[in-house]
Amino acid sequence: MIDLAARRPLVPAVRTVGLVAVAAVVLAVLSSSGSAETAGDAPPEWPTAVPSGTGDHWVDPASAGHPWGDAVDGILTFRGNPTRTFYGTGPLPTDPVRQWRYPDAAMCTESEVEQGDHSGTFNWCGTGWTGQPSVFERDGRTWVVFGAYDRGIHFVDAADGSDIIPTFFTGDIIKGSVTVDPDGFPLVYSGSRDNLMHIVAFDGDEPRELWTFDAASVDGLWNDDWDASPLVIDDHMFQVGENSWWFVWKLNRGYDTEGRVTVDPELVFQARGWDDELLDDLGDEQVSIESSIAISGDTAYFANSGGLVQGWDISGLRDGEDPERVFRFWTGDDTDATVVIDDEGFLYVASQHERFNDRAAEVGQIMKLDPSRPDDPLVWSVHDPDGKGVWATPAIHRDVLIVPTDGGRILAIDRATGEVRWDMFLRGPTWQSPVVVDDVLVQGDCRGGVLRGFDVSDTTVVPPQLWSVELGGCIESTPAAWNGQIFVGTRGGFVHAVGQREDEPLVSLPGGD
């Protein structure tokens, strides 16, 4: 049940930062060309795909909200593009049912965890956090590609849930979201708990592993998992690891004389994702990078579990210049949610609340940052009133930021002012990152395993529920919405396709996100 009676007013902590900050807020409110529409504006036209790695910058800031890569039609990485702001295409089903469940038997395996009091060998089933499928068109069919807790990368036909090619198995579970090559090369990029970053080809009857990189090749912190979803731009792969390092490879993609895809990756940059100041402030070395890297303009951003948000200048990378850190902000606590970047370059950051230190009490758990003011970037912040913080990556929708919390609270925050417009409750924890397409918020819960759709066409009011589908199993994974279907995995062991009931027509709604 959605508990609306338990709602209580929230007040944002808006930091006073002088006339520059006031001007920035006013511009954000008045801008008619940016993505921060007012609630009464007409919905925008559906965006077209942006080519990968073209133009004056690595990533055009205006590409926020757009599909990525014009060579492949699809959702190709976690949150769809380098700014992590594309959630899929409509029309969404208005009377949805589960169309198929994959596979026939639950995807489960045992995996060892070494985390202090939580150490041990556990049985893992289905897909987890973040677990978003990549969905794309190839050879006249829609492919659904995802990693799962059975250690496999699966290649599934969206029409009926059948295997297109056999599963590729890694050495351990896959927790994160795979990335599919945006330039048309038949390649999937995926990390695994086997400590390896994998590049796998899918151009034949069976998948082929072309390359791996061992996280243990550097002296890192925490562990050697790979939870993040990499970005591929202009033949470069950008990736971060739970060992707290970040990396850039020149992929050198091509084809051999038999027409089979090839790669010959060259590591062109690697750096630690922490500094001594952070470890001193924390008083421990429990620092990993589980968020995915985000890029806008010529700056790559990521956050770590010590709460360090960083921006690195990559403008000279193509010319052999090493990236340099140009932005640093400390949230005080574990920040596993991926940094989200709007079309004006503002950053939206969400943190967990576990260390309960003075810094987290000061800046809250949900923040808007202005990296153009590196010495004083905090525009506004919101404290999670339930005190648990955020695992989900927020979604930008018109003039609000939609943020699910660990406690099951769903917040809509005014992007300009930091005011909480509305909140509502699902059965938490709500770790699934919200998906908004055609003015419909798609959000799953954990304890009930129910996927719901809400009407968010009016961002000023608590959204009414439009539909629900019970899938079974905690929904930690982020759904992918594509051309009338929604694909999502659960901890129940399966990936599900949700679509329109057969006897009901599928109607394309005007506008979109």
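So, here's what we can say about the structure.

Overview of the nonpolar core
And then number 1: Core analysis: the largest hydrophobic core is formed by 43 residues, its most contacted members being I366, W380, I413, L441, V442, L451 and I486.
And then number 2: For I366, the residues in contact, after removing those within four places along its chain, are V349, W380, S381, V382, V390, L401, V403, L411 and I413.
And then number 3: In terms of nonpolar packing, the next biggest core, distinct from the first, is built from 27 residues, A215, L251, W274 and W330 among them.

Some thoughts on the side chain of D172
And then number 1: Residue position: D172 is located in the loop between β9 (163-169) and β10 (179-180).
And then number 2: Of the side chains with opposite charge, R151 lies nearest to the buried D172, which makes no salt bridge, at 4.2 Å.
And then number 3: The residues touching D172, leaving out its near neighbours within four places in the chain, are S111, R151, S192, R193 and D194.

Structural notes on the pattern of salt bridges
And then number 1: Taken as a whole, this structure holds 30 salt bridges when the rule is applied.
And then number 2: For the salt bridge of R253 with D181, the shortest nitrogen-to-oxygen distance reads 2.8 Å. Separated by 72 residues along the polypeptide, R253 in the loop between β16 (245-250) and β17 (254-255) and D181 in the loop between β10 and β11 (187-191) bring together distant segments of the chain. No difference in accessibility class separates R253 from D181, as the two residues are buried.
And then number 3: The salt bridge involving E258 is made with R260; its shortest N-O contact spans 3.9 Å.

Concerning the pairing of strand β27 (residues 378-382)
And then number 1: The buried fraction of β27 amounts to five of the five residues, a majority that puts the element mostly inside the structure.
And then number 2: Relative to β27, strand β26 (residues 366-369) runs antiparallel, the two sharing four bridges. Bridging across to β27, M367 finds its partner in S381.

Describing empty space enclosed by the protein
And then number 1: All chains considered together, the criterion is met by three cavities of 30 Å³ or more.
And then number 2: Roughly 50 Å³ of volume is contained in the largest cavity.
And then number 3: W68, L76, T77, T179, V180, P182, P230, L231 and V232 are the residues that line the largest cavity.
And then number 4: Classifying every residue of the lining of the largest cavity by side-chain character gives seven nonpolar, two polar and no charged.

Focus: the packing of aromatic side chains
And then number 1: The full count for this structure, using the stated rule, is 24 aromatic pairs.
And then number 2: One aromatic cluster is present, formed by W211, F213, W226, F247 and W249 through successive ring pairs.
And then number 3: Sitting above the plane of the F78 ring, R79 keeps its charged end 5.9 Å from the centroid.
And then number 4: The positively charged end of R359 is found above the aromatic ring belonging to F329, 5.0 Å away from the centroid.

Some remarks on the state of the cysteines
And then number 1: Taken as a whole, this structure holds two disulfides when the rule is applied.
And then number 2: Through a disulfide, C108 is tied to C125; the S-S separation comes to 1.9 Å. In this structure the cystine formed by C108 and C125 twists about its S-S bond by roughly 115°; its chirality is therefore right-handed. With C108 in strand β4 (residues 108-113) and C125 in strand β5 (residues 120-125), the pair connects residues that are 17 residues apart, well separated along the chain.
And then number 3: Each sulfur in the disulfide pair C446 and C474 lies 2.0 Å from the other. As the torsion about the S-S bond is roughly -115°, the C446-C474 disulfide counts as left-handed. One end of the pair, C446, is in the loop between β33 (440-444) and β34 (450-455); the other, C474, is in the loop between β35 (465-470) and β36 (480-482), with 28 residues separating them in the sequence.
And then number 4: Judged by its relative accessible area of 15%, C446 falls in the buried class.
And then number 5: You can call C474 buried: its relative accessible area is 12%.
And then number 6: Cysteine pairing for the protein, with bonded cysteines counted in sequence order: 1-2, 3-4.

Basis of the calculations
- Residues numbered from 1 in each chain as written.
- Predicted model: local features only at pLDDT ≥ 70, side-chain atom pairs only at ≥ 80, totals over all residues.
- Heavy atoms only, no water.
- Core = buried A, V, L, I, M, F, W, Y, C linked by side-chain atoms within 4.5 Å.
- Buried < 20%, exposed > 50% of the residue type's maximum accessible area, 1.4 Å probe, protein only.
- Contact = heavy atoms within 4.5 Å.
- Helix = DSSP H or I, 4+ residues; strand = E, 2+ residues; numbered from the N terminus.
- Lys, Arg positive; Asp, Glu negative; His and termini not counted.
- Salt bridge = Lys/Arg side-chain N within 4 Å of Asp/Glu carboxyl O.
- Pairing = 2+ DSSP bridges.
- 1 Å grid on protein atoms, 1.4 Å probe; cavity = no way out; pocket = protein on both sides within 12 Å on 5 of 7 lines; lining within 4 Å.
- Points joined across faces, edges and corners; volume = space filled by probe spheres on them.
- Nonpolar A, V, L, I, M, F, W, Y, C, P; charged D, E, K, R; others polar.
- Phe/Tyr/Trp six-rings, centres within 6.5 Å; stacked < 30°, edge-to-face > 60°.
- Lys NZ or Arg CZ within 6 Å of the ring centre and 35° of its normal.
- Disulfide = S-S within 2.5 Å.

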